[in-house]
Every structure is written in structure tokens, then in C-alpha cells.
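Commentary on secondary and tertiary structure
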Amino acid sequence: MWWGVSLMDRKYIDALFSGFPERLTVTQLSEALNQSKQTTYKWLQAGIIPAYQLDKTWLISRDEVADWVWENRNSLREGRTPAPNEEPG
């Protein structure tokens, strides 16, 4: 892994999420992303993080979130979250 440019191996993202179940709770997602639950809820409600809401329950796929982190690795490292309709990369 080398953080200098944009070179990073996908296995580090996969390892980050390997200890979590296939379906995440908001609390587990917050832990994985090292964010507060409040921030995580804001990202979910804004459509930034891929998830589905049925009534008051969030359905969050670990693998979809891992893919999202991988696709947005540069912007996340710069400390900004992509807009909900911003193209990855």
C-alpha cells in the first residue's frame, strides 16, 4: 500500500470490512467508516452511501459499501464525501 498518489490495493478495503456481516446495521457501518452515527445517517439519507430504506429500517450491503469506498477512495482520502450524483473516480 502506498498512499502517496492513488495506488492502493483493493485487499485493504476488503480486509477493513471482513470482520462485518454481509448486512450491516447503521452502528456497524459507522464503526467501519470511523464516523459518528449522526454523520452516517446524514450520508445515508442524502444517498451518498449505497443503501435501501424500508420504512425506518436501513438495508446496507457490506459489499456495496466496500465497492463505494473503493470507487471514492481519492475523494474520501481528501476528506470530502462525493455528492450523491457525482461520478466516482
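The structure presented is a predicted model; accordingly, all values stated were derived computationally and were not measured. (Residues numbered from 1 in each chain as written. Predicted model: local features only at pLDDT ≥ 70, side-chain atom pairs only at ≥ 80, totals over all residues. Heavy atoms only, no water.)

Below, the discussion takes up a nonpolar patch on the surface. Nonpolar side chains collect at one region of the surface, where Y52, L54 and L59 lie side by side and expose about 310 Å² of accessible area between them. Following the sequence through the fold, Y52 ends up in strand β2 (residues 52-54). Judged by relative accessible area, which is 48%, Y52 ranks as partly exposed. (Patch = residues over 30% accessible without salt bridge, like charges linked within 9 Å, V, L, I, M, F, W, Y side chains within 5 Å. Areas by Shrake-Rupley, 256 points an atom, 1.4 Å probe, with all protein chains shown as cover. Salt bridge = Lys/Arg side-chain N within 4 Å of Asp/Glu carboxyl O. Helix = DSSP H or I, 4+ residues; strand = E, 2+ residues; numbered from the N terminus. Buried < 20%, exposed > 50% of the residue type's maximum accessible area, 1.4 Å probe, protein only.)

Glancing now at the side chain of R62. Among the secondary structure elements, R62 is positioned in helix α4 (residues 62-71). Under the relative-accessibility criterion, R62 is labelled buried at 18%. Separated by 2.9 Å, the side chain of R62 and the backbone oxygen of F20 make a polar contact. Dropping the residues within four chain positions of it, R62 is found in contact with F17, F20, P21, E22 and L24. (Polar contact = N/O pair within 3.5 Å; in protein donor to acceptor, adjacent residues only side chain to side chain. Contact = heavy atoms within 4.5 Å.)

Core analysis: the largest hydrophobic core is formed by 18 residues, its most contacted members being F17, L29, I49 and I60. Of all elements in the fold, only α1 (10-17), α2 (26-33), α3 (37-46), β3 (57-61) and α4 reach the threshold of two or more residues within this core. Beyond its immediate chain neighbours, meaning those up to four positions away, L29 contacts L24, T40, L44, I49, I60 and V65. (Core = buried A, V, L, I, M, F, W, Y, C linked by side-chain atoms within 4.5 Å.)

Now for the sheet that holds β3. Spatially, the three strands line up as an open sheet ordered β1-β3-β2, and their pairing is antiparallel. Every interior strand has two partners, whereas the edge strands, β1 (23-24) and β2, have only one. As defined by bridge partners, β1 adjoins β3 across two bridges and the pair is classed as antiparallel. Paired with L24 across the strands is I60, a residue of β3. (Pairing = 2+ DSSP bridges.)

The next point concerns the packing of α1 against α4. Where α1 contacts α4, the axes come no closer than 10 Å and their chain directions differ by 145°. When the axes of α1 and α4 are compared, the crossing they make is right-handed. Between α1 and α4, the contacting residues are R10, I13 and F17 on the first element and R62, V65, A66, D67, V69 and W70 on the second. Class assignment of the residues belonging to the contact of α1 with α4 gives a composition of six nonpolar, no polar and three charged. (Axes fitted to C-alpha atoms, helices over the stretch in contact; angles between N-to-C directions. Left-handed = near helix turned anticlockwise from the far one by under 90°. Nonpolar A, V, L, I, M, F, W, Y, C, P; charged D, E, K, R; others polar.)

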